[in-house]
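Observations on the three-dimensional arrangement
Here is how the chains run, residue by residue.
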Amino acid sequence: SHELMGIHPYNPLEDTYSIYAHPLRNIDELCASIVRSHRETSQCRVEELQALRWKLFSREEIQAYQSKTVDEMWQHCAIQLTDAVQYVVEFAKRIPGFRMLSQNDQIALLKTGSMEVVLVRMSRYFNTENNTVFFDGKFAGAEVFKSLACGDLIAAVFDFAHDMCALKLTEQQIALFTALVLINADRPCLEDRGRVQRVQRNVELGLTHILHRDNQDNLLHKLYQRMAVLRSLCRLHIEKLHWFSQRYPLTAHSLFPPLYKELFASEGELLPGTTH
Ligand SMILES: O=S(=O)(c1ccc(F)cc1)C1(c2ccc(OCc3ccccc3)cc2)CCCC1
């Protein structure tokens, strides 16, 4: 059984054809429902975290993280990531049209898109003044993650967060952007690409509508560029995960959260014990 619990089959009432009845009213409604879902499923509000932005780890706390073993730190981050991904699954299920897709297509979109959405959401918790990111209750610099032994992935994650902050996206723009990151008809192994394309088209209309309303049409191509960076970041994450699983098979196969393995480990790697 898939760990992405609670995914419901096609619900005709939610079919996207109804959206063509009154396009403008519905595009506004589509944006409003995606913004609401984003707000309801983001782990903590940006305002709350901005208040914590100067809560940094002490030298001793940094030492403690740096003296963790590679597999301890990987497990710690995998747990944090899985926690964040749960909220993204909830967000996806509330995107109009997502639940009308087949269960396999919903899983395929989440397999490749959830990490990307987590990284976009993480950039909201990034402080560009001291290059720190919210982690474990305080703001951490890259040095905190040294024991992961994947400095290039961490540097790429930090660079991405920094570049996203530079765009100064509003929460509404982030809501529509992350919905578009998820609903991507070019993802591999989709059963009904045409159906995903129809849902994607509506979300694209929503994003361009929001950007036009904010008089920021110029952001659209920058957001498409960021989507390409996200794909390379997630390829790097999967590469590192393969490297890690070879060196620490026990941790990767029995200590990582099931949802993490479901989403990020390729089918072949899953040992018995994870049911399908
Ligand atoms: O807070 S985090 O653990 C964090 C980790 C590394 C980092 F540079 C900044 C933050 C978290 C995250 C977890 C795993 C990530 O990549 C995959 C990864 C990287 C390294 C080890 C395992 C997995 C990226 C982000 C941010 C959002 C949710 C959790």
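Details of the structure are given in the entry above.
Scope of this entry: the structure provided in the associated data block. (Residues numbered from 1 in each chain as written. Predicted model: local features only at pLDDT ≥ 70, side-chain atom pairs only at ≥ 80, totals over all residues. Heavy atoms only, no water.)

Our focus in this paragraph is helix H8 (residues 193-213). If you check H8, its first and last C-alpha atoms are 30 Å apart, about what 21 residues at 1.5 Å a residue would give, namely 30 Å. One or two residues past the end of H8 sits asparagine 215, with phi positive at roughly 60°. (Helix = DSSP H or I, 4+ residues; strand = E, 2+ residues; numbered from the N terminus. Expected span 1.5 Å × (residues − 1).)

A word on the packing of helix H5 (residues 103-122) against helix H6 (residues 151-167). Between H5 and H6, the shortest axis-to-axis distance is 8 Å and the interhelical angle comes to 60°. Put simply, H5 runs oblique to H6. Like other packed secondary-structure pairs, H5 and H6 cross with a definite hand, here right-handed. Here Leu119, Val120 and Met122 of H5 come into contact with H6, specifically with Val157, Phe160, Ala161 and Met164. (Axes fitted to C-alpha atoms, helices over the stretch in contact; angles between N-to-C directions. Parallel < 35°, antiparallel > 145°, perpendicular 65-115°, else oblique. Left-handed = near helix turned anticlockwise from the far one by under 90°. Contact = heavy atoms within 4.5 Å.)

With that settled, consider the packing of aromatic side chains. Per the stated rule, a full pass over the model turns up eleven aromatic pairs. An angle of 80° between the planes, with centres 5.7 Å apart, marks the rings of phenylalanine 126 and phenylalanine 158 as edge-to-face. Placement of phenylalanine 126 in strand S1 (residues 126-127) and of phenylalanine 158 in helix H6 is noted, with a sequence separation of 32 residues between them. Put simply, the rings of Phe57, Tyr65, Phe126, Phe135, Phe145 and Phe158 pair up and form one aromatic cluster. (Phe/Tyr/Trp six-rings, centres within 6.5 Å; stacked < 30°, edge-to-face > 60°.)

A word on the environment of tyrosine 87. Its place among the elements puts tyrosine 87 in helix H4 (residues 70-93). Exposure remark for tyrosine 87: the relative accessible area of 33% places this residue in the partly exposed category. If we skip the residues at most four places from it in the chain, tyrosine 87 touches Thr41, Gln43 and Arg121. (Buried < 20%, exposed > 50% of the residue type's maximum accessible area, 1.4 Å probe, protein only.)

Attention now moves to the site of the ligand. Taken together, the neighbourhood of the ligand is formed by 19 residues, with Trp74, Met115, Phe135, Phe158 and His237 sitting nearest. In the complex, 96% of the free accessible area of the ligand, which totals 550 Å², lies under the protein chains. Mapped onto the shell around the ligand, the elements with two or more residues apiece are H4, H5, strand S2 (132-135) and H6. The element that contributes the greatest number of residues to the shell around the ligand is H4, accounting for five residues. Considering only residue class, the shell around the ligand consists of 17 nonpolar, two polar and no charged. (Near = heavy atom within 4 Å. Areas by Shrake-Rupley, 256 points an atom, 1.4 Å probe, with all protein chains shown as cover. Nonpolar A, V, L, I, M, F, W, Y, C, P; charged D, E, K, R; others polar.)

So, about the sheet that holds S1. Taken in spatial order, the three strands line up as S1-S2-S3 in an open sheet, and their pairing is antiparallel. Each edge of the sheet is formed by a strand with only one pairing partner; in this case those strands are S1 and strand S3 (138-140). Across three bridges, the pairing between S2 and S3 is antiparallel. Bridge pairing links valine 133 to alanine 140 in S3. (Pairing = 2+ DSSP bridges.)

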